[in-house]
Amino acid sequence: MLKQYTLPFVSHPSAPYEAQGVASSVLIWLHRQHHPVYRFLNAFQTTISVVDWSPDGNILLAGSMTGEVLAWRFATGDILLANRHAHSYAPLCGLSWSPGGDYLVALTMARTLQIWRVATRSCLLVLPCQGDTTMITWSLDGSGFSTNDGVIWNELTLTGGRG
């Protein structure tokens, strides 16, 4: 018997919903209900490894064990993003939205940071982690970030590196 891969619940930022990655889909639960109320399917049919909400809760985001970044509009279920960085099949293990929702950082198990521009659905840059990245701290305006292991990125230069 195969064991089903299940992630912890991630609470919606302002509504009584929780998201949970289960196998190749993301289930949405209404708080205190015993069955999911929505299901978002991974178009690539690969196992979901991480789930998050956009800062305003309008977009549901997931990463997969084979490196896909997926996004759906929560209200309609429309798929907004189903991409993979061209040279990476590394499992995603973390996601971080910029405060305004313009950028997304995907942390891979290959110890890289993929910086995505949400509006264009494009991966702008892939940076190597300098150690064990466990925290990304965004500037208040969302124009850059730093990590606990010394990586710094800035949208003005679209470059990054060791701080």
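Since the model is a prediction, treat every value here as computed from it, not as a measurement.

What counts, and at which threshold
- All residue numbers refer to position in the chain's written sequence, counted from 1.
- Restriction of local features to residues with pLDDT of at least 70 applies here, the model being predicted, together with a cutoff of 80 or more for giving and counting side-chain atom pairs; totals for whole chains, interfaces and linings are based on all residues.
- For the side-chain quantities, the full set of heavy atoms in the structure was used; hydrogens and water were omitted.
- By definition, two strands form a pair when at least two bridges between them are found by DSSP.
- Helix and strand definitions follow DSSP, with helices as H or I runs of at least four residues and strands as E runs of at least two, each counted in order from the N terminus.
- Angles shown run from 0 to 180 degrees and are taken between the N-to-C directions of axes, each axis being a line fitted to C-alpha atoms and, for helices, limited to the stretch in contact.
- We define a salt bridge as a contact between a side-chain nitrogen of Lys or Arg and a carboxyl oxygen of Asp or Glu at a distance within 4 Å.
- The buried label goes to any residue with under 20% of its type's maximum accessible area, the exposed label to any with over 50%, and the partly exposed label to all in between, with areas taken from a 1.4 Å probe on protein chains only.

**Examining the sheet that holds strand β11 (residues 112-117)**
Strand pairing in a sheet is mediated by backbone hydrogen bonds. Such pairs are either parallel or antiparallel. Reading across from one edge, β9-β10-β11-β12 is the order of the four strands in this open sheet, with antiparallel pairing throughout. For this open sheet the edge positions go to β9 (92-97) and β12 (122-128), each flanked by a neighbour on one side alone. On average, adjacent strands in this sheet sit at an angle of 20 degrees to one another, irrespective of strand direction. Strand direction decides the pairing type here: strand β10 (residues 103-108) and β11, joined by five bridges, are antiparallel. Bridge pairing links Tyr103 to Arg117 in β11.

**Regarding the pattern of salt bridges**
Under the definition given, this model contains one salt bridge. Of the charged contacts, one joins Asp132 and Arg111 as a salt bridge, the two residues approaching to 3.6 Å between their closest N and O atoms. Within this pair, whereas Asp132 is found in the loop between β12 and β13 (136-138), its partner Arg111 is found in the loop between β10 and β11, the two being separated by 21 residues in sequence. Taking the relative accessible area as the measure of exposure, Asp132 reaches 58% and is therefore exposed. According to the relative accessible area criterion, Arg111 is partly exposed, its value standing at 42%.

**Remarks on unusual backbone geometry**
Despite not being glycine, Ala23 shows a phi value in the positive range, around 55 degrees. You can see Ala23 is positioned in the loop between β2 (17-22) and β3 (25-30). Unusually for a residue other than glycine, Arg111 sits at a positive phi of about 65 degrees.

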